[in-house]
Protein chains: 4
Amino acid sequence: MTITPPALSVFEALESEVRSYCRGWPAVFDRAQGSHMYDEDGHTYLDFFAGAGSLNYGHNNPVLKRALIDYIERDGVTHGLDMSTTAKRAFLESFQNNILRPRDLPYKVMFPGPTGTNAVEAALKLARKVKGREAIVSFTNAFHGMSLGSLAVTGNAFKRAGAGIPLVHGTPMPFDNYFDGTVPDFLWFERLLEDQGSGLNQPAAVIVETVQGEGGINVARSEWLRALAELCERQDMLLIVDDIQMGCGRTGAFFSFEEAGITPDIVTVSKSISGYGLPMSLTLFKPELDIWEPGEHNGTFRGNNPAFVTAAATLDTYWSDGQMEKQTLARGEQVERALRAICEEQPGTQFRGRGLVWGLEFDDKPRASAVCRRAFELGLLLETSGPESEVVKLLPALTISPDDLDEGLRTLARAVRETA
Amino acid sequence: MTITPPALSVFEALESEVRSYCRGWPAVFDRAQGSHMYDEDGHTYLDFFAGAGSLNYGHNNPVLKRALIDYIERDGVTHGLDMSTTAKRAFLESFQNNILRPRDLPYKVMFPGPTGTNAVEAALKLARKVKGREAIVSFTNAFHGMSLGSLAVTGNAFKRAGAGIPLVHGTPMPFDNYFDGTVPDFLWFERLLEDQGSGLNQPAAVIVETVQGEGGINVARSEWLRALAELCERQDMLLIVDDIQMGCGRTGAFFSFEEAGITPDIVTVSKSISGYGLPMSLTLFKPELDIWEPGEHNGTFRGNNPAFVTAAATLDTYWSDGQMEKQTLARGEQVERALRAICEEQPGTQFRGRGLVWGLEFDDKPRASAVCRRAFELGLLLETSGPESEVVKLLPALTISPDDLDEGLRTLARAVRETA
Amino acid sequence: MTITPPALSVFEALESEVRSYCRGWPAVFDRAQGSHMYDEDGHTYLDFFAGAGSLNYGHNNPVLKRALIDYIERDGVTHGLDMSTTAKRAFLESFQNNILRPRDLPYKVMFPGPTGTNAVEAALKLARKVKGREAIVSFTNAFHGMSLGSLAVTGNAFKRAGAGIPLVHGTPMPFDNYFDGTVPDFLWFERLLEDQGSGLNQPAAVIVETVQGEGGINVARSEWLRALAELCERQDMLLIVDDIQMGCGRTGAFFSFEEAGITPDIVTVSKSISGYGLPMSLTLFKPELDIWEPGEHNGTFRGNNPAFVTAAATLDTYWSDGQMEKQTLARGEQVERALRAICEEQPGTQFRGRGLVWGLEFDDKPRASAVCRRAFELGLLLETSGPESEVVKLLPALTISPDDLDEGLRTLARAVRETA
Amino acid sequence: MTITPPALSVFEALESEVRSYCRGWPAVFDRAQGSHMYDEDGHTYLDFFAGAGSLNYGHNNPVLKRALIDYIERDGVTHGLDMSTTAKRAFLESFQNNILRPRDLPYKVMFPGPTGTNAVEAALKLARKVKGREAIVSFTNAFHGMSLGSLAVTGNAFKRAGAGIPLVHGTPMPFDNYFDGTVPDFLWFERLLEDQGSGLNQPAAVIVETVQGEGGINVARSEWLRALAELCERQDMLLIVDDIQMGCGRTGAFFSFEEAGITPDIVTVSKSISGYGLPMSLTLFKPELDIWEPGEHNGTFRGNNPAFVTAAATLDTYWSDGQMEKQTLARGEQVERALRAICEEQPGTQFRGRGLVWGLEFDDKPRASAVCRRAFELGLLLETSGPESEVVKLLPALTISPDDLDEGLRTLARAVRETA
């Protein structure tokens, strides 16, 4: 396939220099269905990116599309702030019945605004309010968002520099396996907490991703997560799991922390919660933490009702039984086999992942970007992650067919070979 | 009309105590069309609230609805981060042709994330980055959002307390008419800037709303805005107009600052930009400020393409000529007449406003809430604003018919009388 | 008198560029007695500077000198941290008997470290600890010290820039007469406090100088100070009077706030408290505020016992009756007459002051420095103050003889004339 | 010896609850000579505390006393801000000739105010100004002072809590041997610096004590200090050695870092620099860092000339050859032998130290305080240090006689035995 760079004039003339994905993928996309995107020149792309984890059920999933169009057609409430609506009730009931009750999770549900960073900001505010302390511990290579509260607990130096002010009240700790197992888990963190002379401000909370997506597909072990949960309990810190990218089934179970058997105090959910790529977020927390005053946190687009409609549809369709989890794990094994083969063939590569999130790391760091560029030429959408963009990130839709998955993995293998 | 409080069980059981609007309006809304909302028990409400300014073209506006359904039906890209899409191009072209060019505005367009607070965070980051200073000046009773950066420049003490950390780097200055004209404009602000011993950290930027919506419908005079723009120029501070609630025609012209004849350095736009209540935001800035590095600010839902589709449709439908502005000003006069009559009849009341945003203030502050409660019983949706909720805020759709507007104003007058 | 610039080699070679007074007064001083300093070349200087207010009783006052040498001779404890010593007891008893009891002041005494900024840091810490809030209100052109806590409430932009970090948690308010009486006192401050939407973080305390020394000899009126004290009481803020430069009799009474009839919650004292130019400071506060834990604030040189000895000697010698206060006010009238004559003769000059602190302001700002340079050539030590060094500051020793005072005032008049 | 608690009435009635040493040592001290203090009831105490390191040459050292009295007698300038004086010149020349030149140290000398925390504040300001960054790295159990800048890089949680505001811009790293050698030095610190995703704000400087006095007599190895200096160089961070307690010969050489062969960028000196317990401090830095503007940092008591006089006398008397260093090391061996014997006899004890600073740690932490209490009853002044006051700290004067040292060590051994 040969792709002619399209005339991007209005984008170049009018859109800010901050734009990014459009530079790596110089196409003008027009339509999308399932695991495929189509540009205006008629090219087809297999999508191993899935809206950075926002499209776990594929593009324009027909089940959700039907529900969405029906809702719009019948003039269902579109914009509702935090008014009660029939669409919100349906979502809440479905979330309670399909997700919370079967897992014995006692969470209250907050609609903090429709983006991930809204959910993180609300989580941090609540943790600080509950504990009466301002310090938050985050982890190396964490990514939590771009507004000032979330950015202060995000690791990436380039993104942090964008703040234009010193980012404070956050202290990074080593994520699981940061020293390749040579240092006992939480040695530094626990010692700082126990030493009255350590200089660490006593944290209100710890915020963690179970698998760091932007940070390079770093997978925390279940035993590490359990030890972290115990440390939080012992040291009177709230545990916040940011499940924005890894929740909604990405790692198999609905929540990524289920496998570890822990119950975080606060959970943030976004990206694939609406299922259709529509902006929606949740901040979940244990009921005893629900000390918010009415309206103490607000926001115009908290009640994005079309998103509630597609969200309820995803839960009813995919999460009323354990089928989706099983399928994701099976697809994950398919990916793992392919990556193992690539790494055996190509020296200087490692892979890691869980469920349907996988990373292929290159010792020769720039090669990861080269692989993505070549993949794009071959019709496969893939992005990098990691502090130096040294990891190719595989994030196919959970609903991808085994054949499409196989095709993409073969294209990836070819791109790796051709950049050797 | 008698309204039976509906069974709100799942909302009460599951949704966080932070929920707010649903408390004042104890109904479960189901459908909406134009200026009317319908609850599940069959009651009809006339909407003088318009999604807090997000529904300037009414609920589920048929023109936009058609465009939206067509786009979804044909599997247009829904979620696109900052990839180039045909929907984004159509929006950019329409925005350029209908809005920027006719007004000679040179702005670059940034999609900072789909909520107002995303747009404000991006504006503040950019201002600090450009000027290399961290301080921002805001105004008494300003409202800019709930994430930490925006909250630090928001006036409301109750919202600020939610942060759980000291909010710094912002200094409030008196908004126009804060002292009822007894003190020269900018006396304090300018003196602080000129006095090398004043203790004010040199600001990177000033952020202002031309009409403070949440702050109590405080209308800045054009001459005050012009003097502020000149002060910013003279003192090397960027001027940010937060046009999230007052833009998109709310005050008549598309941007609320047009009347004053100023060109802010940075403008934030959200709420009604999509026209359909879908989350979408813009941060606009002069091209010489566009020093962002690619990806320095990002976010999952920046590319909410269905919103681009409805946004382009609003611009093409309503903003290709000056008709909408004229109509809004005419409707505004209708409101003004009605409010004048109320205030003449009812001692202890004042009114103020511009275009189709108006406030009715009560010396007996709690009465404003009583009026809204009574209006709700009478089938009219109205909320309060102001630091002590002492102002009834009128924010009807710009597309409201004269008859509906008249009906609502009569209901308001009745509610005022019945709470005297 | 002709002064040959001495060879300053070791100062220039070794001492940091931060040095300052030695630049304006290019002499190497060797001895000093009363109101005179002597350089190594045999020149004599009349001192209208008095160690920036640290030498209210003149250089090497013989009464204090005797007590000091006796103490050193008999091997009295020199360095005592906060151990109990006979010298500290003697000081505390003298302070209680001569100062606190006669004025009915209930203060507890803290030795916070021997410099003014130590005293301010301790005052701010205590205020924040007592009130549980971090915000402090200071005034335009305030000067409170160079360590980060004190610097954050200091007005001078040049000093503030030295911090290298954004200075936060402080908000400036207009000092008395900042707008030449055209704006009611505390209009802005009180409105911000009362308006729940103002954006001002609720302050723990207000810190104020009754006469701003570094800020330009700005004299607060008694009624302004009383209104401030009442505002603090009404709004639950602690009132801190920084009496470091204006206390110890500089304005007449021992404390500069006595004239206004107010009792601040916290008072800082330093500079002339030891009377001999030895480092010593006090932080005084109402007993109900004494919630310090033992050792919660400490410091190596809190127990500078030789300073306690000279301090007690000043109190016993000068403050057992009202004589010193009367004499200071009389000397002040002598200064006032002379300044009035100068201002009548020289257009573009104004004067102001209280007790023995006076300022002579020049509309032609650089002229103030020219006057000080010329005065130095004529054998008179004088420095400038004010945000643009536009004020000549007169701070003679309280013990200066009428003849010496007259001589200095005549020299000043000559220097003013010769720089016209 | 039996000690009757004296009547402490004025101390209890008037002095703030913050007072501390006077509680552990309930005596009223009157005189002091060499290594002995005398209370007003005629009791004698052997001093193993030395003004927390401020009295390295003993109390009221006769050589310094003579110089001091001569200076006062002849009316030498006492208080001089940063004017040039003959006393300052003599000190600068002596410091250059005895200290800087023989060690090939190129430092510029700043007089930042007379206390340790003034010196640290100036060092941090300068480092931030030079590097244009605000972040500082400090170490676990560091102690640098009580003003806000210094407190932010101090480890002790109790002291930090006194600030009343969140302390920011500082990040603690593990001091040498924090993990008993099980973790490679700087593993964590270096990884954070190298990982662009770590979340650590790029530091302007690192501040370190070579031996942590307040932190529990933690002795950094020379190779650790060298590796730290190399890390700073490699990563463009300034190295600040806080030599306030460990300088002036406490560890043998004049500067404690000489043994390691490093040349810090900035050095803070205080405590024993005057030699007589008089407040005095220095901030030393490499000449290329001397970017201060004149007067950018100031302070009233920077020119404590009597302290310059005694300081010059200590340098001329004790530091013109290597004798003092040899003697200190010899005395240190005497202490080490005694501590070894104690630890061999008493299980659950460890000792460590360098030169004449030593610590005796008790596994049974409260026993350290019991030992100090018992020692006091036996006429020996000793204090504890460490985050839980678990270490008895030995800090005798460097000029102590072998016999006095032996007596004190035997008293210590007895106190240890009697608290077993």
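None of these values were measured; they are calculated from a predicted model.

Trainee: What exactly am I supposed to notice about the interface of chain A and chain B here?
Mentor: Bring the parts together and some accessible area is lost; that lost area is often taken as the interface size. Across the contact, 105 residues belong to chain A and 106 residues belong to chain B. A combined buried area of about 9300 Å² lies between chain A and chain B, and 61% of that area is made up of carbon and sulfur atoms. Put simply, chain A and chain B have 10 salt bridges between them. Here A:Lys108 ties to B:Glu17 by a salt bridge, and the two come within 3.9 Å at their closest N and O atoms. Put simply, chain A and chain B have 50 residue pairs in polar contact (both at pLDDT 80 or more) between them. No other element matches the 7 residues that helix H5 (residues 86–100) of chain A contributes to the side of chain A that touches chain B. Taken together, the residues of the side of chain A that touches chain B break down into 50 nonpolar, 28 polar and 27 charged.

Trainee: Hey, could you run me through the relation of the copies chain A and chain B in this one?
Mentor: Look at the two chain copies: a rotation about an axis and a shift along it is all it takes to match them. For the pair chain A and chain B, the relating rotation is 180 degrees, the translation along its axis is 0.0 Å, and the fit reaches an RMSD of 0.0 Å. The superposition operator between the copies reduces to a two-fold rotation axis. Minimal C-alpha separation from the rotation axis in chain A is found for A:Leu148, amounting to 2.7 Å. Mapped onto chain B, 100% of the interface residues of chain A again fall at the interface, so both copies present the same surface.

Trainee: Would you mind showing me how to read the sheet that holds strand E5 (residues 135–139) of chain D here?
Mentor: Pairing between the strands of a sheet is mediated by backbone hydrogen bonds and can be parallel or antiparallel. All names here are of chain D. With mixed pairing, the 7 strands of this open sheet are ordered in space as E4-E12-E11-E10-E7-E5-E6. Each edge of the sheet is formed by a strand with only one pairing partner; in this case those strands are strand E4 (108–110) and strand E6 (170–173). Ignoring which end each strand starts from, the neighbouring axes of this sheet average 25 degrees apart.

Trainee: I tried to follow the packing of aromatic side chains on my own but got confused; where do I start?
Mentor: Two numbers describe a pair of aromatic rings. These are the distance of the centres and the angle of the planes. Applying the stated criterion across every chain, the model contains 88 aromatic pairs over all chains. For the ring pair A:Phe351 and A:Trp358, a centre distance of 6.3 Å and an interplane angle of 35 degrees mean the geometry is tilted. Classification of A:Trp358 by relative accessible area gives buried; the value is 4%. Measuring from ring centre to ring centre gives 6.2 Å for D:Phe91 and D:Phe111, while their planes differ by 65 degrees; the resulting arrangement is edge-to-face. With D:Phe91 in helix H5 (residues 86–100) and D:Phe111 in the loop between E4 and helix H6 (116–131), this pair connects stretches of sequence that are 20 residues apart. An identical accessibility class is assigned to D:Phe91 and D:Phe111; each is buried. The ring of C:Tyr38 has C:Arg31 lying over it, and the distance from NZ or CZ to the ring centre is 4.6 Å.

Trainee: When you look at helix H11 (residues 305–318) of chain D in this model, what are you seeing that I'm missing?
Mentor: Residues spaced three or four apart along an α-helix point in a common direction, a consequence of the helix completing one turn every 3.6 residues. Residue and element names in this part refer to chain D. In a regular helix each residue adds 1.5 Å, so 14 residues correspond to 20 Å; H11 covers 20 Å between its end C-alpha atoms and thus fits that length. Among the 14 residues of H11, 12 are classified as buried, and the element is accordingly described as predominantly covered. Those residues of H11 that are buried lie in contact with helix H4 (62–73), H5 and helix H12 (323–345).

Trainee: How should the side chain of C:Asp39 be read in this particular structure?
Mentor: Residue and element names in this part refer to chain C. You can see Asp39 is positioned in strand E2 (residues 36–39). Of the polar contacts made by the side chain of Asp39, one reaches the backbone nitrogen of His43; its length is 2.9 Å. Apart from the residues lying within four places of it in its own chain, the contact partners of Asp39 are Ala27, Val28, Phe29, Asp30 and Tyr45.

Trainee: It is not clear to me how the environment of D:Phe362 should be interpreted in this structure. Could you clarify?
Mentor: Residues and elements named next belong to chain D. Relative to the assigned elements, Phe362 resides in strand E14 (residues 357–362). In this structure the C-alpha to C-alpha distance between Phe362 and Tyr71, which are 291 residues apart in sequence, comes to 46 Å. Other than its neighbours up to four places away in sequence, Phe362 contacts Gly348, Thr349, Arg367, Ala368, Val371, Glu390, Val392 and Val416.

Trainee: How should the pattern of salt bridges be read in this particular structure?
Mentor: Think of it this way: side chains of opposite charge can pair up when their charged atoms draw near. The full count for this structure, using the stated rule, is 120 salt bridges over all chains. Where A:Glu418 meets A:Arg374, a salt bridge forms, and the shortest distance between an N and an O atom there is 2.5 Å. Placement of A:Glu418 in helix H14 (residues 402–418) and of A:Arg374 in helix H13 (residues 366–377) is noted, with a sequence separation of 44 residues between them. You can call A:Arg374 partly exposed: its relative accessible area is 22%. Residue C:Arg133 pairs with C:Asp236 through a salt bridge whose shortest N-O separation is 2.5 Å. Of the two residues, C:Arg133 is situated in the loop between helix H6 (116–131) and strand E5 (135–139) and C:Asp236 in the loop between helix H10 (222–234) and strand E10 (238–242); the sequence distance between them amounts to 103 residues. Linked by salt bridges that have partners in common, A:Glu17, A:Arg19, A:Arg23, B:Lys108 and B:Asp290 make up one network.

Trainee: What am I meant to see in the pairing of E2(C) here?
Mentor: Two faces, one strand: in a regular strand the side chains alternate between the faces of the sheet. Residues and elements named next belong to chain C. Examined bridge by bridge, strand E1 (residues 29–33) and E2 share 4 bridges and lie antiparallel to one another. Bridging from a neighbouring strand, Arg31 pairs with Tyr38 of E2. The hairpin turn running from E1 into E2, its antiparallel successor, is 2 residues long, and Gly34 in that turn takes a positive phi close to 55 degrees. Summarising the sheet, E2 and strand E3 (residues 44–47) pair through 3 bridges and their orientation is antiparallel. Pairing of His36 across the sheet is with Leu46, part of E3.

Trainee: Is there a simple way to think about the side chain of D:Thr300 in this case?
Mentor: Among the secondary structure elements, D:Thr300 is positioned in the loop between strand E12 (282–285) and H11. Separated by 2.7 Å, the side chains of D:Thr300 and C:Lys271 make a polar contact. Beyond its immediate chain neighbours, meaning those up to four positions away, D:Thr300 contacts C:Gly51, C:Ser54, C:Lys271, D:His79 and D:Leu81.

Reading the values: rules and limits
Residues numbered from 1 in each chain as written. Chains lettered and ligands numbered in written order. Predicted model: local features only at pLDDT ≥ 70, side-chain atom pairs only at ≥ 80, totals over all residues. Heavy atoms only, no water. Contact = heavy atoms within 4.5 Å. Buried area = accessible area lost by both parts, 1.4 Å probe. Salt bridge = Lys/Arg side-chain N within 4 Å of Asp/Glu carboxyl O. Polar contact = N/O pair within 3.5 Å; in protein donor to acceptor, adjacent residues only side chain to side chain. Helix = DSSP H or I, 4+ residues; strand = E, 2+ residues; numbered from the N terminus. Nonpolar A, V, L, I, M, F, W, Y, C, P; charged D, E, K, R; others polar. Least-squares fit on C-alpha atoms with pLDDT ≥ 70 in both. Pairing = 2+ DSSP bridges. Axes fitted to C-alpha atoms, helices over the stretch in contact; angles between N-to-C directions. Phe/Tyr/Trp six-rings, centres within 6.5 Å; stacked < 30°, edge-to-face > 60°. Buried < 20%, exposed > 50% of the residue type's maximum accessible area, 1.4 Å probe, protein only. Lys NZ or Arg CZ within 6 Å of the ring centre and 35° of its normal. Expected span 1.5 Å × (residues − 1).

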